[in-house]
Amino acid sequence: MDYKQELIETMEKMDIENAEYWSDQEISDKKYATLAMLRFLRPFQKSLDNYLDSHENWIKNEMTRRNSKLSGVLDEMISAGVKSESIGILAYWISRMTLNSVLYRLDDPAGGDYDLENEGEDLPRWVLLEQIISKENNKIDGKLTGRMLAGMYEVFPLES
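Please read these numbers as outputs of a predicted model, since none were measured by experiment.

Enquirer: Explain the nonpolar core to me, and be specific about the residues and the numbers.
Expert: Across soluble globular proteins, nonpolar side chains show a tendency to be buried alongside one another. Counting 24 residues, the largest nonpolar core has Met37 and Trp58 as the members making the most contacts within it. Listing elements by their share of this core, those giving two or more residues are helix H1 (3-13), helix H2 (19-28), helix H3 (34-53), helix H4 (55-63), helix H5 (69-79) and helix H6 (84-107). In this structure, Met37 is in contact with Trp22, Leu149, Ala150, Met152 and Val155, ignoring residues within four places of it in sequence.

Have a look at this one:
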């Protein structure tokens, strides 16, 4: 089996849509780490989907928490006749916007600091880099490839 087919199968196991397209990106791009990016985003996608697919369970769990401000708000919404599906959609969109803000901030270490001197240009920055784990001589070595995880806010959510 060739490398591209292995990637496609891996991505399909991860429930990534358009696995062939993403595999081509992973193979051809020397600067950006597509598979690592998709793996990073996948748990966020599952969290988002939970609000849409399991809204009743999520609401029930939140309602049973003690001293939860959210349970009071949920109780008010339900008492006012808001359907659990609508509450799930609201939670999905609030979470989606928040996650996209975080992903954007990860990608733009200079943005958002407009209130600081020189807009934070002289402060430390960050970058997410792909790390490959390989076992050699019974020792696990994590080697950075130099490829970045970037532009995640542009592809997230993975599905809609």
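Enquirer: Quick one: what's the story with the environment of Arg96, residue by residue and with numbers?
Expert: Relative to the helices and strands, Arg96 is located in helix H6. Exposure remark for Arg96: the relative accessible area of 17% places this residue in the buried category. When the C-alpha positions of Arg96 and Asn118 are compared, they lie 31 Å apart, and in sequence the two are 22 residues distant.

Enquirer: Mind laying out the packing of aromatic side chains, listing which residues take part and the relevant values?
Expert: Counting across every chain of the model gives 5 aromatic pairs. Here the aromatic rings of Phe40 and Phe44 are separated by 5.4 Å at their centres, their planes lie at 70 degrees, and the arrangement is edge-to-face. One end of the pair, Phe40, and the other, Phe44, are both in helix H3, 4 residues apart, so they sit about a helical turn from each other. Ring geometry for Tyr51 versus Trp58: centroids 5.0 Å apart, planes at 90 degrees, classification edge-to-face. Summarising the burial analysis for this pair, Tyr51 and Trp58 share the class buried.

Each value, and the rule that gives it
- Residues numbered from 1 in each chain as written.
- Predicted model: local features only at pLDDT ≥ 70, side-chain atom pairs only at ≥ 80, totals over all residues.
- Heavy atoms only, no water.
- Core = buried A, V, L, I, M, F, W, Y, C linked by side-chain atoms within 4.5 Å.
- Buried < 20%, exposed > 50% of the residue type's maximum accessible area, 1.4 Å probe, protein only.
- Helix = DSSP H or I, 4+ residues; strand = E, 2+ residues; numbered from the N terminus.
- Contact = heavy atoms within 4.5 Å.
- Phe/Tyr/Trp six-rings, centres within 6.5 Å; stacked < 30°, edge-to-face > 60°.

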